[in-house]
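The chain contents come next:
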Amino acid sequence: MASWQVKVLNLVLHHTVKRMMTNSSLEETRRFVAAKGKPRLPAAVKMSPVPACAFRGDWIRTPQSSHALTLLYLPGGGFMLPASGQAPMMVARICRAAGSRALLVHYRLAPEHPFPAGLEDCLAAYHYLLDLGTDPKSIVIAGDSAGGGLTLSTLLALRDDGDPLPAGAVVISPFTDFSFGGESRFANARRDPMLSTKSMKMMNRLYLDDALHDNPLVSPVFGEFRGLPPVLAHVGSTEVLLDDTRRVGKRAIAQGVDFR
């Protein structure tokens, strides 16, 4: 059962972020995100930009961070919005608990850069880690919402290209289906604290361009998961993306993947 804190948070999100994303233009929503300003990280947390590369990103390190473990984090934002100020804070908390360092990827966004630009940046970030000499078995790729979908797409692309795979992946409320399948997309439309049908249709229109809805690198729910590393998924019972996770999980498990 959800705690009272979660219920209050969901109510606040419903009347702020969801209302903004449903009733405002993309430009207005981007200004709303930008108005929050840069993240205020504790003094002990160090955030530094990646030197000039084929992608944009920030290193995040805490006093507990070690080069022996690396988190490659792909933030959410509906494929259209930059990472919120909360993303570095959450990543820093993970680093403290796991004793890892993290690379937060600022992949290119639609509509200026539709598919496959964002995915290309995620792959470039992973290859950057390998070029640094990072052991792939010391890397975990993680992401939320759009970043969760990109996490799975990145795994599929790496596997198909014959690249060494990471130790595992974590997806939080991943967006995995641009064909709008799954009952929860409609059953939870009113209860979801953030996403609405209107905002998701905007994602389709701006992100896909001419790409096919059933392309596994667009919609991982149609992917072949054999050979992928373990995946841990988190999703809420009131989210429109609930079945995006359930359907991916069912397919991955049937194909021999350790998906929990």
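Refer to the preceding data block for the structure.
Presented here is a report on the structure given in the accompanying data block. (Residues numbered from 1 in each chain as written. Predicted model: local features only at pLDDT ≥ 70, side-chain atom pairs only at ≥ 80, totals over all residues. Heavy atoms only, no water.)

## Quick word on the environment of His 106
Point 1. Among the secondary structure elements, His 106 is positioned in the loop between β4 (100-105) and α5 (117-131).
Point 2. The class of His 106 is buried, set by a relative accessible area of 19%.
Point 3. Sequence separation between His 106 and Asp 58 is 48 residues, and the spatial gap between their C-alpha atoms is 7.9 Å.
Point 4. Apart from the residues within four sequence positions on either side, His 106 is in contact with Arg 56, Gly 57, Asp 58 and Ala 83.
Point 5. Among the polar contacts made by the side chain of His 106, one reaches the side chain of Asp 58 at a distance of 2.7 Å. (Helix = DSSP H or I, 4+ residues; strand = E, 2+ residues; numbered from the N terminus. Buried < 20%, exposed > 50% of the residue type's maximum accessible area, 1.4 Å probe, protein only. Contact = heavy atoms within 4.5 Å. Polar contact = N/O pair within 3.5 Å; in protein donor to acceptor, adjacent residues only side chain to side chain.)

## Comments concerning the sheet that holds β4
Point 1. In space, the seven strands of this open sheet follow the order β1-β2-β4-β3-β5-β6-β7, with mixed pairing throughout. The sheet is open, and its two borders are formed by β1 (46-49) and β7 (231-234), each paired with just one other strand. Sheet twist, expressed as the mean angle between neighbouring strand axes with direction ignored, is 20°.
Point 2. One ladder, built from four bridges, connects strand β6 (residues 168-172) with β7; its direction is parallel. Residue pairing across strands places Ile 172 opposite His 234, the latter belonging to β7.
Point 3. Its contacts with the sheet place α5 against β2 (57-61), β3 (66-74), β4 and β5 (139-144), and it is angled at close to 175° to β3. (Pairing = 2+ DSSP bridges. Axes fitted to C-alpha atoms, helices over the stretch in contact; angles between N-to-C directions.)

## Considering the environment of Gly 37
Point 1. Relative to the helices and strands, Gly 37 resides in the loop between α3 (26-34) and β1.
Point 2. Gly 37 sits in the partly exposed class, given a relative accessible area of 39%.
Point 3. Measuring from C-alpha to C-alpha, the distance between Gly 37 and Ile 253 comes to 41 Å, with 216 residues separating the pair along the chain.

## What about the layout of surface pockets?
Point 1. Taken as a whole, the largest pocket encloses approximately 1500 Å³ of empty space.
Point 2. When contributions to the lining of the largest pocket are tallied by element, the ones reaching two or more residues are α1 (4-15), α2 (17-23), α3 and α4 (86-98).
Point 3. Across the lining of the largest pocket, the residue classes tally to 23 nonpolar, 15 polar and six charged.
Point 4. In this structure, the second largest pocket occupies an estimated 560 Å³ of space.
Point 5. Along its surface, the second largest pocket is lined by 24 residues, and Arg 56, Asp 58, Pro 82, Ala 83 and His 106 are the ones closest to its centre.
Point 6. Secondary structure elements with two or more residues in the lining of the second largest pocket: α3 and β4.
Point 7. The element best represented in the lining of the second largest pocket is α3, accounting for three residues.
Point 8. Residues belonging to the lining of the second largest pocket are distributed by class as follows: 13 nonpolar, five polar and six charged. (1 Å grid on protein atoms, 1.4 Å probe; cavity = no way out; pocket = protein on both sides within 12 Å on 5 of 7 lines; lining within 4 Å. Points joined across faces, edges and corners; volume = space filled by probe spheres on them. Nonpolar A, V, L, I, M, F, W, Y, C, P; charged D, E, K, R; others polar.)

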